[in-house]
Every structure is written in structure tokens, then in C-alpha cells.
Amino acid sequence: MRHDFRMSEMDLGGGAAPTLRGHFLYNEPMSKHVSWRAGGEAQRVYIPADLDDLAWLVRSVPAHEAIHMVGLGSNLLVRDGGVTGVVILLHGVLKKLAIESRTQGLPAAPTGRDTALIYAQAGVASPKLARFAANNNLVGGEFWAGIPGTVGGAIAMNAGCYGGETWDKLVQVLTLDRKGQLNERLPGDYVIGYRHVALKQAHEEWFVGGWFRLEHGDGAASRDTIKTLLKTRIAAQPLNLPNAGSVFRNPPGDHAARLIESCGLKGFRIGDAQVSEKHANFIVNLGHAYAADIERLIEHVEDSVEARTNVRLIREVRIIGERQ
């Protein structure tokens, strides 16, 4: 159910109460908002009107309440007992995507390279960023076409595939903190690794946008590369069934899928959660899987692989909420 909602002074801790321009959904099934199509309800879901509205909302949430930013929900499992606090949906809201004309305050381009900057907000789908770059004759971002999430998620986990990683192209990010303040940060502010990004000085904030530097090149060739990558993805991944992409990071010098398959786990299932028969690093929902089935299967794969290979797989997916 949708409601217009006015924050009270009590909610804000006193002072003038703003009128939020987005809307709340109460006791909202998160199975509608995650790509696994499983999981419990969110106590409150907020869909902001724009970035300013999002900043007001974040500033208004009491410090003891959790805030969960969600894009396409393609890397997320919400437990069957649901999630408290506020879930904020960004996809289709923070959707600005443009060639950046501003240069002041942004890192200078490397000498001798013909480049341009793209600014993308966190709610933009990564494949859309890939196509936008190619259509503007900018190359090097084709790999984003294979990432089934948003720019915000790609920045937060340094998402990558087919030889490319998101932070290789980032020159600056825009974040929002619990005070509702926007901050422009540089890569040097972060520890950046394989599927991992963390502020060097811990501070609760979320990525709401980023500036990407790409080189000018052959847009037609870039679009052809995107088509090839998508064909490869369709052929290799179980896209016909609800899934969350790769469940585990690849260990150094190896592939999680190879290790899982070597343990005879392809096709193994708990309830309607199954290790994909097409790609062993995917867990699919055969139709009526509970979040608990998926989580138990993740744990079974971790334990089985460690017992047989002495390698403890590290999860890419995020799990939130309460067990039922």
C-alpha cells in the first residue's frame, strides 16, 4: 500500500519538519524487489522522488534504525523473517546519466589520452551505462553490460566481469552520509580490491553517483563487443530462472564454479533452491524457494567445498534480515 508521508518533528528530533516527496510502502514483500524472488517483508520501504528527497529521508531516520539501499536487488537475499528499519529503492529514481561537462574539481585527464567523463547516478542499470558509453563513442566500459545490477551496487562492490572492473574507470564518487550530507570522494579515500571497497576511515555512507573516465574510440565496435558479451552471458548463465548472479568470489588463481562442480554439487538442491546445472556458481530459485532454503544451500556449498578442497569460499551476495 502506498502512503503520502510527512515526517513529524519527533521523527526529526525537533526543528522544522520537511514534507517528503516520495512515498512509503509498508510491510512490503521484498521478494518483489530482489532477483531471487524470495524473502520476507520490509517493515518500511521508501521510494524517493530524487536525490534531494533521499537526503531528507536519510537525515530523518533515527540513528538506531538501519538503512538499506537497494538497486535491482540482484546481489541481495532478505531472510524470511523480514527486515526492520528502512529499505530505500534507488533504481529508476537516481537515474541521471550524462556526459560530464564540468571539469573543475574533477581529476585531470591523463596527458596524451582523448577521454571524456560520464556521470551516472546510483540507480542507473549497469548495462544502460555500457550502452550509453558506446553510443557516445566511448570505449572500455563494455563489461558493464554483463553486470545485472545498478551503478551504485557496481561501485559498492567493485563489480566486474570479462576482464573489467568498475573502479578501473572511476575518478570520483558522490556519497550520502547519515546526516544527509553529500560528499565527493576520490579513489585514494578507499581500500579497493577484488569485489571489495571500503573507506580507509570508516564512516556510514552510501554511493549515490560516480564519474567514469573512458577513452574516445569506435562506438560501433564497442556495441558489437557488448552484443558478443551478452551472447556469452546468455549461453553460460541460467538467466531463465531467478538468481542473484555469482554467489561467491573467485579464489586467487581459481574459479568458484570449478571448485563447486568438483565437489559434485551441480544440481544439488534444498527445497526449490538449486545449485544451477548450467553454472555452478549460481543458485537458482526453481519456483517456490524460501530465503532459508537459499541460505542453507549457500552454507552447504561453503562447508562442502572447504571440507574437500581446504578453500573457504567468500560470498559476493549480501544477506540481511531476520530468520523466521
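Residues numbered from 1 in each chain as written. Predicted model: local features only at pLDDT ≥ 70, side-chain atom pairs only at ≥ 80, totals over all residues. Heavy atoms only, no water.

## Topic: the overall build of the protein chain
Then step 1. Across its full length, the protein chain holds 7 helices and 20 strands.
Then step 2. In the protein chain, which comprises 324 residues, the share counted as buried stands at 52%.
Then step 3. By sequence separation, contacts in the protein chain at least 24 residues apart represent 65% of the contacts at least 6 residues apart.
Then step 4. Mean positive and mean negative side-chain charge positions of the protein chain (36 and 35 charges, respectively) differ by 3 Å. (Helix = DSSP H or I, 4+ residues; strand = E, 2+ residues; numbered from the N terminus. Buried < 20%, exposed > 50% of the residue type's maximum accessible area, 1.4 Å probe, protein only. Contact = heavy atoms within 4.5 Å. Lys, Arg positive; Asp, Glu negative; His and termini not counted. Charge placed at Lys NZ, Arg CZ, Asp CG, Glu CD.)

## Looking at the nonpolar core
Then step 1. The biggest cluster of nonpolar side chains holds 39 residues, and the ones touching the most others in it are L54, L57, V58, M69, V87, I88 and L94.
Then step 2. Setting aside residues no more than four positions away along its own chain, M69 makes contact with L54, V58, I88, L90, W206 and R318.
Then step 3. In this structure, L129, M157, L170 and F207 belong to the second largest nonpolar core, which totals 31 residues. (Core = buried A, V, L, I, M, F, W, Y, C linked by side-chain atoms within 4.5 Å.)

## Here's the deal with helix α2 (residues 51-60)
Then step 1. Of all 10 residues in α2, 7 are buried; the element is thus mostly enclosed.
Then step 2. By the burial criterion, the buried members of α2 are L51, D53, L54, A55, L57, V58 and S60.
Then step 3. The opening residue of α2, the one whose side-chain oxygen lies 3.3 Å from the backbone nitrogen of D52, is D50. (Polar contact = N/O pair within 3.5 Å; in protein donor to acceptor, adjacent residues only side chain to side chain.)

## Overview of the environment of A154
Then step 1. Turning to its location among the elements, A154 is positioned in helix α4 (residues 151-157).
Then step 2. Sequence separation between A154 and A122 is 32 residues; the distance between their C-alpha atoms is 8.8 Å.
Then step 3. Residues contacting A154, with those up to four places away along its chain left out, are S126, A159 and T166.

## Points about the packing of aromatic side chains
For any two aromatic rings, the description comes down to two numbers: the centre-to-centre distance and the angle of the planes.
Then step 1. Applying the stated criterion across every chain, the model contains 8 aromatic pairs.
Then step 2. Between F143 and W144, the aromatic rings sit 4.9 Å apart at their centres with planes inclined by 40°, giving tilted as the arrangement.
Then step 3. Exposure remark for F143: the relative accessible area of 4% places this residue in the buried category.
Then step 4. Here R59 stacks its cationic end above the ring of W56, 4.5 Å away from the centre of that ring. (Phe/Tyr/Trp six-rings, centres within 6.5 Å; stacked < 30°, edge-to-face > 60°. Lys NZ or Arg CZ within 6 Å of the ring centre and 35° of its normal.)

## What about the pattern of salt bridges?
Then step 1. Per the stated rule, a full pass over the model turns up 18 salt bridges.
Then step 2. The residue D50 makes a salt bridge to R21 at a minimum N-O spacing of 2.8 Å. Here D50, found in the loop between β3 (41-47) and α2, pairs with R21, found in the loop between α1 (9-12) and β2 (23-29); they are 29 residues apart in sequence, far enough to count as distant.
Then step 3. Residue classification places D50 among the partly exposed residues on the basis of a relative accessible area of 26%. (Salt bridge = Lys/Arg side-chain N within 4 Å of Asp/Glu carboxyl O.)

## Focus: the confidence of the model for the protein chain
Then step 1. In this model, the protein chain carries a mean pLDDT of 93, and residues with pLDDT of at least 70 account for 94%.
Then step 2. Taken as a whole, residues 1-17 scores under 50 in pLDDT and shows 30 contacts with residues more than four places along the chain or in a different chain. (pLDDT = per-residue confidence, 0-100.)

## Remarks on the side chain of Q237
Then step 1. Mapped onto the fold, Q237 is located in the loop between α5 (219-236) and α6 (256-262).
Then step 2. When residues no more than four places from it in sequence are discounted, the contact partners of Q237 are Y162, K278, H279 and F282.

## Observations concerning the environment of A133
Then step 1. Along the chain, the position of A133 falls in helix α3 (residues 126-135).
Then step 2. The buried category is assigned to A133, whose relative accessible area is 1%.
Then step 3. For the pair formed by A133 and G219, sequence separation is 86 residues and the distance between their alpha carbons is 8.0 Å.
Then step 4. In this structure A133 touches I118, L138 and L214, once residues within four positions along its chain are discounted.

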